[in-house]
Amino acid sequence: MAEDTGRGASRRAFLKGSVAAGGALLGAGAARAAEPDPLITEVQPWASGLGEGVDATPYGLPIRFEDDVIRRNVEWLTADTISSINFTPIHALDGTITPAGCAFERHHSGAIELKKEDYRLMINGLVDTPLVFTYADLERFPRENHTYFLECAANTGMEWAGAQLNGAQFTHGMIHNMEYSGIPLRTLLHEAGYSGETEGKWVYVEGADASSNGRSIPMEKALDDCLVAIKANGEALRKEHGYPARLVVPGWEGNMWIKWIRRIEVMDGPVESREETSKYTDTLADGTSRKWTWVMDAKSVVTSPSPQSPITHGHGPLVITGMAWSGHGRITRVDVSKDGGKTWETARLAKQGENKALTRFYLETEWNGEEMFLQSRAMDETGYVQPTKAQLREVRGENSIYHNNCIQTWWVKENGEAENVEVS
Ligand code: MTE
Ligand code: CO
């Protein structure tokens with residue numbers, strides 16, 4: 001009892017403090033309190049008639065007032081809409097699950113429409129019994145549910161040379177986080193008689209689209225936690241995310257997560273296809289390139305306030321929030337800096353970090369109109385700390401596009417607007 005009373009009291013104090021601050025600084029709060037508010041005192045249209053019946057929305061979309069929470073692209077980045085990319089509106093989302101309807105898409109040859117009835121998945125190569133599975137076959141294997149992030153290797157890729165795109169959606173929106181229901185790849189490989197006693201040390205996986213997006217994956221990873229997913233966030237995969245089945249490669253760069261997966265060949269070495277050698281490799285300052293960079297290192301970004309999510313509510317309580325993730329496992333801590341990295345405060349994780357999934361963080365603070373250079377810094381269970389841009393450039397130079405996991409800075413101005421900047 002005593003504890004409850006205590007909590008109630010502090011909550012009241014907080015609310016009172018907030019009203020007082022709003023009133024004192026803006027005036028508007030006090031004026032509203034003096035006049036009767038027609039939104040409270042008068043019967044409004046939505047209360048004087050009937051709402052829509054239950055048949056109006058067999059499958060619902062967000063309410064129209066949220067119609068700016070949409071995927072967007074950067075015109076100069078997408079030469080056409082076929083080999084294309086768009087970005088998740090992370091600045092407007094909360095929690096960790098990305099709604100499928102606004103989760104970014106990346107296609108090398110457009111999104112295809114493939115019926116379940118026309119779906120086939122072949123496992124061939126160095127296996128005892130090459131097999132072809134129909135969709136109905138896949139549904140009969142034991143399934144697992146796991147939430148994982150998918151980050152395109154090119155996420156934040158435009159920011160290497162300097163602060164460029166003005167919005168978290170554009171700098172960090174090539175990411176989504178969904179709960180997948182799928183069959184462990186290991187189960188299917190064993191079904192095809194893969195025993196581990198052959199020379200089969202790699203799998204080559206390809207999709208049914210024209211690009212095929214073929215990728216080589218070491219057998220160790222294939223047998224570890226890869227899934228052939230048939231559902232995301234509880235429902236069928238969306239066409240653009242690989243309906244009816246895609247490969248999930250937890251923690252690894254998005255381009256290996258083959259959509260519309262149609263073939264898995266067990267091989268004695270990697271194929272080194274064009275897209276896995278000329279692309280997705282990191283060219284260093286001396287001109288040599290790193291061969292494989294599969295795991296996405298720990299990274300985080302403040303999603304609000306940010307350029308597309310400015311502070312609009314005046315002085316007083318402010319919720320700073322963002323997300324963090326690591327391809328190496330769980331996020332254990334996120335720090336937030338308001339002064340460009342000189343001093344740090346430890347943020348509150350909404351939930352304990354989950355393996356290779358997004359973690360939401362919050363820093364509840366007071367803002368009195370002073371400018372901020374907002375940053376967030378993620379740490380994962382391996383002890384790794386997200387690097388600054390300068391630290392990353394020291395190792396990687398400025399020739400890279402891919403795998404940029406540096407600390408992001410938003411300059412929040414006195415008027416609450418924010419801008420993408422770099423601090424030195
Ligand atoms: N799989 C196929 N078959 N074709 C593709 O073009 N693009 C890859 C990967 N898998 C691609 C693919 C890339 S580069 C990324 S980042 C992810 O899919 C994007 O997945 P999404 O469209 O579900 O966001
Ligand atoms: Co990609």
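In the block above lies the structure referred to throughout.
I will try to describe carefully the structure that is included in this document. (Residues numbered from 1 in each chain as written. Chains lettered and ligands numbered in written order. Predicted model: local features only at pLDDT ≥ 70, side-chain atom pairs only at ≥ 80, totals over all residues. Heavy atoms only, no water.)

Focus: the site of ligand 1
Item 1. Around ligand 1 there are 22 residues in total, and Phe104, His108, Asp209, Arg246 and Lys259 lie nearest to it.
Item 2. Between ligand 1 and His108, the relevant distance is 2.7 Å, taken from an oxygen atom to a main-chain nitrogen or oxygen of the residue.
Item 3. Between ligand 1 and Trp257, the relevant distance is 3.1 Å, taken from a nitrogen atom to a main-chain nitrogen or oxygen of the residue.
Item 4. For ligand 1, the protein covers 100% of the area, taking 530 Å² as the surface of the free molecule.
Item 5. Residue composition of the shell around ligand 1, by class: seven nonpolar, nine polar and six charged. (Near = heavy atom within 4 Å. Polar contact = N/O pair within 3.5 Å; in protein donor to acceptor, adjacent residues only side chain to side chain. Areas by Shrake-Rupley, 256 points an atom, 1.4 Å probe, with all protein chains shown as cover. Nonpolar A, V, L, I, M, F, W, Y, C, P; charged D, E, K, R; others polar.)

Details of the pairing of strand β15 (residues 299-304)
Item 1. Burial within β15 is extensive, with six of its six residues counted as buried.
Item 2. Relative to strand β16 (residues 316-325), β15 runs antiparallel, the two being bridged by five bridges. Paired with Val302 across the bridge in β16 is Gly322. (Buried < 20%, exposed > 50% of the residue type's maximum accessible area, 1.4 Å probe, protein only. Helix = DSSP H or I, 4+ residues; strand = E, 2+ residues; numbered from the N terminus. Pairing = 2+ DSSP bridges.)

Some remarks on the sheet that holds strand β8 (residues 215-218)
Item 1. Judged by pairing direction, the sheet is mixed, and its five strands sit side by side in the order β4-β3-β12-β7-β8 without closing on themselves. Taken across any chain shown, the strands that pair with only one partner, and hence form the sheet edges, are β4 (131-134) and β8. On average, each strand axis in the sheet is tilted by 20 degrees relative to the strand beside it, whichever way the strands run.
Item 2. Here strand β3 (residues 120-125) pairs with strand β12 (residues 261-267) via four bridges, running parallel. Residue Met122 lies in a different strand from β12, and its bridge partner there is Arg263. (Axes fitted to C-alpha atoms, helices over the stretch in contact; angles between N-to-C directions.)

Details of the sheet that holds strand β19 (residues 348-349)
Item 1. Pairing within the open sheet is antiparallel, and its four strands lie in the order β15-β16-β20-β19. With partners counted over all chains shown, the strands left at the sheet margins are β15 and β19, one partner each.

A closer look at the packing of aromatic side chains
Item 1. Overall, the coordinates contain 10 aromatic pairs when judged by the stated rule.
Item 2. Directly above the aromatic system of Trp344 lies the positively charged group of Arg377, at a separation of 4.1 Å from the ring centroid.
Item 3. Against the face of Trp411 rests Lys413, its NZ or CZ located 4.8 Å from the ring centre. (Phe/Tyr/Trp six-rings, centres within 6.5 Å; stacked < 30°, edge-to-face > 60°. Lys NZ or Arg CZ within 6 Å of the ring centre and 35° of its normal.)

Focus on the nonpolar core
Item 1. Membership of the largest hydrophobic core comes to 58 residues, with the highest contact counts inside it found for Leu138, Tyr180, Leu189, Leu247 and Ile261.
Item 2. With five residues, strand β9 (residues 227-232) is the largest single contributor of residues to this core.
Item 3. Ignoring any residue separated from it by four or fewer positions in sequence, one finds Leu189 in contact with Ile123, Tyr194, Val203, Met219, Ala222, Leu223, Ile264 and Val266.
Item 4. Counting residues in each nonpolar core, the second largest holds 27 residues, with Met296, Val302, Ile320 and Val334 among its members. (Core = buried A, V, L, I, M, F, W, Y, C linked by side-chain atoms within 4.5 Å. Contact = heavy atoms within 4.5 Å.)

Re the environment of Lys338
Item 1. Inspection of the secondary structure assignment puts Lys338 in the loop between β17 (331-337) and β18 (345-346).
Item 2. A relative accessible area of 23% places Lys338 in the partly exposed class.
Item 3. Here the alpha-carbon distance between Lys338 and Leu363, two residues 25 residues apart in the chain, equals 11 Å.
Item 4. Engagement of the side chain of Lys338 in a polar contact is seen with the side chain of Thr365, the distance being 2.7 Å.

Concerning the pairing of strand β22 (residues 409-412)
Item 1. Examined bridge by bridge, strand β21 (residues 372-380) and β22 share four bridges and lie antiparallel to one another. Within the sheet, the bridge partner assigned to Phe373 lies in β22 and is Trp411.
Item 2. As paired strands, β22 and strand β23 (residues 418-421) are joined by four bridges and run antiparallel to one another. If you follow Trp411 over to β23, its bridge partner there is Glu419.
Item 3. What sits between β22 and β23 in their antiparallel hairpin is a turn of five residues, with Gly416 showing a positive phi close to 95 degrees.

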